[in-house]
Amino acid sequence: MTFSLPPELAKQIRDVAAEEGRSRSELIREALLRYVEGSVWRQVLSYGEARARERGLGPADVGRLVEEYRAEAPSTRA
């Protein structure tokens with residue numbers, strides 16, 4: 001895989017990699033993995049928000065719903 005970076009970003013990557021004693025490849029690999037994982041979580045969050053809106057639920061309902069769930073849940077569940 002080949003890609004180009006603006007010179008300033010390439011310099012920042014070199015500097016951070018040197019500060020942390022890591023290769024540029026390792027640093028970029030980790031950054032891309034975090035980006036992809038974040039993208040998945042954003043999709044999950046978006047799905048949850050859409051379902052909550054469909055049910056007329058908002059942030060103020062979260063505490064109550066958690067308490068209701070905990071009261072219904074078996075005490076053996078962690």
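Computed from a prediction, not measured in an experiment: that's the story for all the values here.

The rules behind each value
- Residues numbered from 1 in each chain as written.
- Predicted model: local features only at pLDDT ≥ 70, side-chain atom pairs only at ≥ 80, totals over all residues.
- Heavy atoms only, no water.
- Phe/Tyr/Trp six-rings, centres within 6.5 Å; stacked < 30°, edge-to-face > 60°.
- Lys NZ or Arg CZ within 6 Å of the ring centre and 35° of its normal.
- Salt bridge = Lys/Arg side-chain N within 4 Å of Asp/Glu carboxyl O.
- Buried < 20%, exposed > 50% of the residue type's maximum accessible area, 1.4 Å probe, protein only.
- Helix = DSSP H or I, 4+ residues; strand = E, 2+ residues; numbered from the N terminus.
- Polar contact = N/O pair within 3.5 Å; in protein donor to acceptor, adjacent residues only side chain to side chain.

Enquirer: Got a sec to walk through the packing of aromatic side chains? Specific residues and values, please.
Expert: The final tally for this structure, using the stated rule, is zero aromatic pairs. Over the aromatic face of Tyr-35 sits the side chain of Arg-42, whose NZ or CZ is 5.5 Å from the ring centroid.

Enquirer: Now, about the pattern of salt bridges: what can you tell me, with residues and values included?
Expert: Under the counting rule described, the total for this entry stands at 10 salt bridges. As a salt-bridge pair, Glu-30 and Arg-22 come within 2.2 Å of each other at their nearest N and O atoms. Using a relative accessible area of 21% as the deciding quantity, one classes Arg-22 as partly exposed. Here Arg-64 makes a salt bridge to Glu-68, at a shortest N to O gap of 3.0 Å. You can see Arg-64 and its partner Glu-68 sitting in helix H3 (residues 62-72), four residues apart, about one turn around the helix.

Enquirer: Please provide a residue-by-residue account of the side chain of Asp-61, values included.
Expert: Within the secondary structure, Asp-61 is located in the loop between helix H2 (24-54) and H3. At 3.3 Å, the side chain of Asp-61 forms a polar contact with the side chain of Arg-64.

By themselves, these observations are geometric and do not establish any function.
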